[in-house]
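Here's the letter readout for the chains.
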Amino acid sequence: MDTVVEFRGVSKKYSDLMVLEDINLSIRQDDFMVIYGLPSSGKTVLLRLLMGLEAPDAGDIILRRENVRHMSPKIRNIGYVPQDFALIPHKTIFENIAYPLRLMKKPTREIKPVVERAASMLSIEELLDKLPTQLSGGQKQRVAVARGVVKETDIYLFDDPLAGLDFKLRERLIDDLRRLQEDMAACFFYATSDPIESLTLAASIAVLHERTICEIGDPQTIYFNPHHLSTIDILGFPRANLLDGRIIRKASEVWCQTNFLEFPIAVDAEVATVENPMDVTVAVRPESIQKILGRDEKCLTADIYLREDLGAEEIIYLNIQDSNLTMVNPSSQTGHNDVGDQISISMNTASFFVFEKDTGNRIGRGVDNFNA
Amino acid sequence: MPEIRIDRLTKRFKDVVAVDDLTFSFPEGQVTCLLGPSGCGKTTLLRMIAGLETPTSGSIYFGDVDLTQLAPRKRNIGMVFQYPVVYRGISVYKNIELPLLKRKIPQNERKQRIEEALELLNLQDQATKDSSQLDNVSRQKVSVARAISYHPDIILFDEPMTNIDANSKVQFSHFFKELSKKLNQVIVYVTHDQTEAMTLADQIALMEDGRMVQCNEPRTLYNEPEEVFGGWFLGNPGMNFIDAHCAQSGGNDSLISSFLKSPLNIATNGLDREVTIGIRPEHIKVSETAFSNAVNADVKRKSITVGGQFLFVIEVDRVEVKAKVSHPSNELMNAQSVWVEFPVEHIVLFNQNQKRVHAELTYVRK
């Protein structure tokens, strides 16, 4: 598939504050690319650069094989759905959706079918004669999406359009957006700070952290085999546990040691040498910790600080030897515990990832068949 | 301490009925969460209890005392708002003391109550700090300390975690649970967040459009929704709902759906001909190989969800359902076509009026 958007070494700063640094990214014609990052990590700036509302300080943006440096925002022909619905209060929903087409001075007879088609894709046909004040939050957001996709083009940008909506609405709109992209077969470039939203919507995810893109890949690859500390740190719900550790050598094996466990690691092939000793960060997904019933001498014990009930799962926040650990498990599996209880846990270190503390680059992962 | 009872309570704003003829009790020593989407009337109900809104009709009782016409300051209610209310420029200690001074509590007792509140909220170290130096959680804790220090009969929380970041929410929830165990008042907690309600409540009152849908202990509410709304609202994602057909043959009712391998016997009366099957995503069994009672389905999508589980969107006869799978095998991950079963013990039936019908379901023995 053809690349429609490319960022080549793009940087952006506001006076002395570097916001984006050396961004390299290419987006395919039919991609649903999610740009995922924590709040205020620069996602909106990235979208604004592409739309031409900001100019990069360094690097190039290639849009449909053309460098945009001298291309005005008007002729870039990109659909846009902002975070804030920004509907025009005194205009009907029809006119709100039609607004981008009116700006392009399209005749009304051409506008009508296009608006109606967009409205039907988002199931808001019956709202077209109403005013924005008569709509609920979720309906307004659908109108904003319809207005964003009414422009017939091949690239649509979404700036965290579901932020601030309650989670039941988000659940529905996520399904709608996914279907919309399939129907339109266009390129969606979608910014969000919600990890589950990213993992659900994306064909590919670009993780933006500390001014730069630290990893790009399809959801399964980067979730289950992350190569940068930031990826495993922020992409996942609940967030991964990060433990301080250091590398030690035991005969010919490389081991990692934290304040409450020690385990052997398989060093990645591309890592030439591992210094000894070396400070590392061990990332442990909450799902790789299990509650065990009964107790034997080998297992670790931890105190429950809080147990959250998600219905289908429980998240348990633990204190263990001055460290905090978060674990998650499908709650139907074992009996319930509550605040103050002590439980025994086991961890499968094969799902632990070890990163160099200073750079966040991956060194290796735990080996199979070793249980802590 | 007595309970709060509301009796046929109604609040109208012009044409909108915010709270619709509610009768309900809030037991003492328990946390009751009012849960529901925005606009369901939960905040209006809370504000009527506090005396910040006047009911259109109906009454509010505290034990045997009718509070309905009483001014807010005479109700002896502590309230914690979305935005922590702290007075900047004065210490944490002073912040807690202010309402006590207003109530003319003598000095000795004032001191004792403040220290009690500080200890309860683990704020002893912050007592002399200027309240403007506090982080969000501590500020919200100070508002709670103030609300409990004058020994109110009732404590109301209006979405107190809305403006607190994820990490601090864990802290706030932890201390809320510890605190609520020690207090013996009526505690009412308003939230739209189901996890918060499931985590903190002794009982959840689920609301929609000004009425109470159901009130139960959290797990009961989750497992036994009395209406379609409850099944949908709780859970992430909520329950799947599938249209099914109820047929009579030989004096027995049976349930027919393309998700069921064979019709199920239904032992109940009063079932409509067209019903809705409800089943939670985590209860659907999915396998790449055929197994007893399973039907064949197509995999439309799958995505990673909470705790690295997978959400499978699967389709039978053009009807999609979502199934949560904990540790899918490689074979299952690669399968385009799978086998699914709705275990009978997890099927919930709803009539056309969206209300649950309790019915025992069994497979027809062949």
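Keep in mind it's a predicted model, so treat the numbers as computed, not measured.

Basis of the calculations
- Residues numbered from 1 in each chain as written.
- Chains lettered and ligands numbered in written order.
- Predicted model: local features only at pLDDT ≥ 70, side-chain atom pairs only at ≥ 80, totals over all residues.
- Heavy atoms only, no water.
- Helix = DSSP H or I, 4+ residues; strand = E, 2+ residues; numbered from the N terminus.
- Buried < 20%, exposed > 50% of the residue type's maximum accessible area, 1.4 Å probe, protein only.
- Contact = heavy atoms within 4.5 Å.
- Areas by Shrake-Rupley, 256 points an atom, 1.4 Å probe, with all protein chains shown as cover.
- Lys, Arg positive; Asp, Glu negative; His and termini not counted.
- Charge placed at Lys NZ, Arg CZ, Asp CG, Glu CD.
- Buried area = accessible area lost by both parts, 1.4 Å probe.
- Salt bridge = Lys/Arg side-chain N within 4 Å of Asp/Glu carboxyl O.
- Polar contact = N/O pair within 3.5 Å; in protein donor to acceptor, adjacent residues only side chain to side chain.
- Nonpolar A, V, L, I, M, F, W, Y, C, P; charged D, E, K, R; others polar.
- Pairing = 2+ DSSP bridges.
- Axes fitted to C-alpha atoms, helices over the stretch in contact; angles between N-to-C directions.
- Parallel < 35°, antiparallel > 145°, perpendicular 65-115°, else oblique.
- Left-handed = near helix turned anticlockwise from the far one by under 90°.
- pLDDT = per-residue confidence, 0-100.
- Patch = residues over 30% accessible without salt bridge, like charges linked within 9 Å, V, L, I, M, F, W, Y side chains within 5 Å.
- Expected span 1.5 Å × (residues − 1).
- Arc of directions from axis to C-beta.
- Core = buried A, V, L, I, M, F, W, Y, C linked by side-chain atoms within 4.5 Å.
- Phe/Tyr/Trp six-rings, centres within 6.5 Å; stacked < 30°, edge-to-face > 60°.

A. Broad picture of the overall build of chain A. For chain A, the helix and strand inventory stands at eight helices and 21 strands. When its C-alpha atoms are laid out on the principal axes, chain A stretches across 80 × 45 × 40 Å. Split into buried and exposed, the 372 residues of chain A put 56% on the buried side. The long-range fraction of contacts in chain A, counting pairs at least 24 apart against all pairs at least 6 apart in sequence, stands at 66%. Of the roughly 16500 Å² that chain A leaves accessible, carbon and sulfur atoms contribute 47%. Computing the positive centroid from 41 side-chain charges and the negative centroid from 55, chain A places the two 8 Å apart.

B. Molecular detail of the overall build of chain B. When you go through chain B residue by residue, the secondary structure sums to nine helices and 22 strands. Across its three principal axes, chain B shows a C-alpha extent of roughly 80 × 50 × 35 Å. Every one of the 366 residues in chain B was classed for burial, and the buried ones make up 56%. Contacts in chain B between residues at least 24 apart in sequence constitute 67% of all its contacts with a sequence separation of at least 6. Carbon and sulfur atoms form 44% of the exposed surface of chain B, whose accessible area is close to 16500 Å².

C. Region of the structure containing the interface of chain A and chain B. The partner chain B presents 36 residues to the 35 residues of chain A that form the contact. Both sides of the chain A and chain B interface together cover about 3200 Å² of buried area, and 58% of this is carbon and sulfur. Counting across the chain A and chain B interface gives five salt bridges. The partner of Lys322 of chain B in a salt bridge is Asp175 of chain A, with the nearest N and O atoms 2.8 Å apart. For the interface between chain A and chain B, the tally reads 14 residue pairs in polar contact (both at pLDDT 80 or more). Looking at which element gives the most residues to the side of chain A that touches chain B, the answer is helix H5 (residues 167-184) of chain A, with eight residues. Looking at the side of chain A that touches chain B, its residues break down into 16 nonpolar, five polar and 14 charged.

D. Spotlight on the environment of Thr68 of chain B. Residue and element names in this part refer to chain B. Along the chain, Thr68 falls in the loop between strand S5 (65-66) and strand S6 (77-80). A sequence separation of 104 residues divides Thr68 from Phe172, and the C-alpha atoms of the two residues are 32 Å apart. Not counting residues up to four positions away in its chain, the partners in contact with Thr68 are Pro55, Gly58, Ser59, Ile60 and Arg75.

E. How the structure looks around the sheet that holds strand S12 (residues 252-256) of chain B. Reading across the sheet, the seven strands line up as S21-S20-S14-S11-S12-S13-S22 (chain B) and stay open at both edges, with antiparallel pairing between neighbours. Either end of the sheet is taken by a strand with one partner, and the two such strands are strand S21 (356-357) and strand S22 (360-363) of chain B.

F. Region of interest: the sheet that holds strand S2 (residues 17-28) of chain A. Residues and elements named next belong to chain A. Across the sheet, four strands lie side by side as S2-S1-S4-S5; this open sheet has antiparallel pairing. Edge strands, defined here as strands with exactly one partner in the open sheet, are S2 and strand S5 (66-67). Alignment of strand S4 (residues 58-63) against S5, held across two bridges, turns out to be antiparallel. Bridging from a neighbouring strand, Ile62 pairs with Asn67 of S5. With respect to the sheet, helix H1 (residues 43-51) is in contact with strand S1 (3-14), S2 and S4, its orientation differing from that of S1 by roughly 120°.

G. Broad picture of the packing of helix H3 (residues 107-120) of chain B against helix H4 (residues 136-149) of chain B. Residue and element names in this part refer to chain B. Contact geometry for H3 and H4: axes closest at 9 Å, N-to-C directions at 135°. Taken as axis vectors, H3 and H4 run oblique relative to one another. When you trace H3 past H4, the crossing you get is right-handed. The residues of H4 that touch H3, namely those facing Arg113, Ala117 and Leu120, are Ala145, Ile148 and Ser149.

H. Region of interest: the confidence of the model for chain A. Per-residue confidence for chain A gives a mean pLDDT of 91; residues scoring 70 or more make up 97%. When mean pLDDT is taken per element in chain A, strand S3 (residues 32-36) of chain A scores highest with 98 and H5 of chain A scores lowest with 87.

I. Local environment of the pairing of strand S13 (residues 262-267) of chain A. All names here are of chain A. Sheet analysis places strand S12 (residues 253-257) next to S13, joined by three bridges and oriented antiparallel. By the bridge assignment, Trp255 is partnered in S13 with Pro264. The turn linking S12 back onto S13 is made up of four residues. Sheet topology note: the S13/strand S21 (residues 362-366) ladder contains three bridges and is antiparallel. Bridge pairing in S21 places Val267 opposite Gly364.

J. Examining a nonpolar patch on the surface more closely. Residue and element names in this part refer to chain B. Residues Leu52, Phe81, Val85, Tyr87, Leu98 and Leu101 make up a contiguous nonpolar surface patch of roughly 470 Å² in combined accessible area. With respect to the element layout, Phe81 can be found in the loop between S6 and helix H2 (92-102). Since its relative accessible area comes to 33%, Phe81 is described here as partly exposed.

K. Expanded view of H3 of chain B. Residue and element names in this part refer to chain B. Between its terminal C-alpha atoms H3 stretches 20 Å, which fits the 20 Å expected from 14 residues at 1.5 Å a residue. Those residues of H3 not exposed but buried are Arg110, Arg113, Ile114, Ala117 and Leu118. One face of H3 carries all of its buried residues, which in axial projection span an arc of 135°. Residues of H3 that are exposed and point over 90 degrees away from its buried face: Asn108 and Glu119. On the buried face of H3, the contacting elements are H2 and H4.

L. A positive patch on the surface, seen in detail. On the surface, Arg73, Lys74, Lys102 and Arg103 of chain B cluster together to form a positively charged patch. Note on placement: Arg73 of chain B falls in the loop between S5 and S6.

M. Expanded view of the nonpolar core. All names here are of chain B. Residues Leu255 and Ile314 are the most contacted members of the largest nonpolar core, which totals 83 residues. Apart from residues lying up to four places away in sequence, Ile314 is in contact with Val286, Ala297, Asp298, Val299, Lys300, Val319, Glu320, Val321, Ala323, Val338 and Val340. Cys33, Ile96, Ile164 and Ile187 belong to the second largest nonpolar core, which has 47 residues in total.

N. Spatial organisation of the packing of helix H2 (residues 93-103) of chain A against helix H3 (residues 108-121) of chain A. Residue and element names in this part refer to chain A. Axis separation between H2 and H3 bottoms out at 10 Å; the angle between their running directions is 125°. Of the possible angle classes, the one that applies to H2 and H3 is oblique. Crossing geometry of H2 relative to H3 is assigned as right-handed. Contacts between H2 and H3 pair Phe94, Ile97, Ala98, Leu101 and Arg102 from the former with Thr108, Ile111, Lys112, Val114 and Val115 from the latter.

O. Representation of the pattern of salt bridges in the model. Scanning the model with the defined rule gives 41 salt bridges over all chains in all. When the shortest N-O distance is used, the salt bridge between Arg239 of chain A and Asp233 of chain A registers 3.0 Å. Looking at Asp233 of chain A, the relative accessible area reads 15%, which means it is buried. Through salt bridges with shared partners, one network takes in Lys291, Arg307, Asp309 and Glu314 of chain A together with Arg219 of chain B.

P. View of the packing of aromatic side chains. Residues and elements named next belong to chain B. The full count for this structure, using the stated rule, is 19 aromatic pairs over all chains. Between Phe229 and Phe233 the ring centres are 5.7 Å apart and the planes differ by 20°, which places this aromatic pair in the stacked class. Of this pair, Phe229 and Phe233 are both found in helix H8 (residues 228-233), four residues apart, which corresponds to roughly one turn of the helix. Phe229 sits in the buried class, given a relative accessible area of 9%. When the centroid spacing of 5.0 Å and the interplanar angle of 10° are considered together, the rings of Phe259 and Phe342 count as stacked. Here Phe342 lies in the loop between strand S19 (337-341) and strand S20 (348-350) and Phe259 lies in the loop between S12 and strand S13 (264-267), a separation of 83 residues in the sequence.

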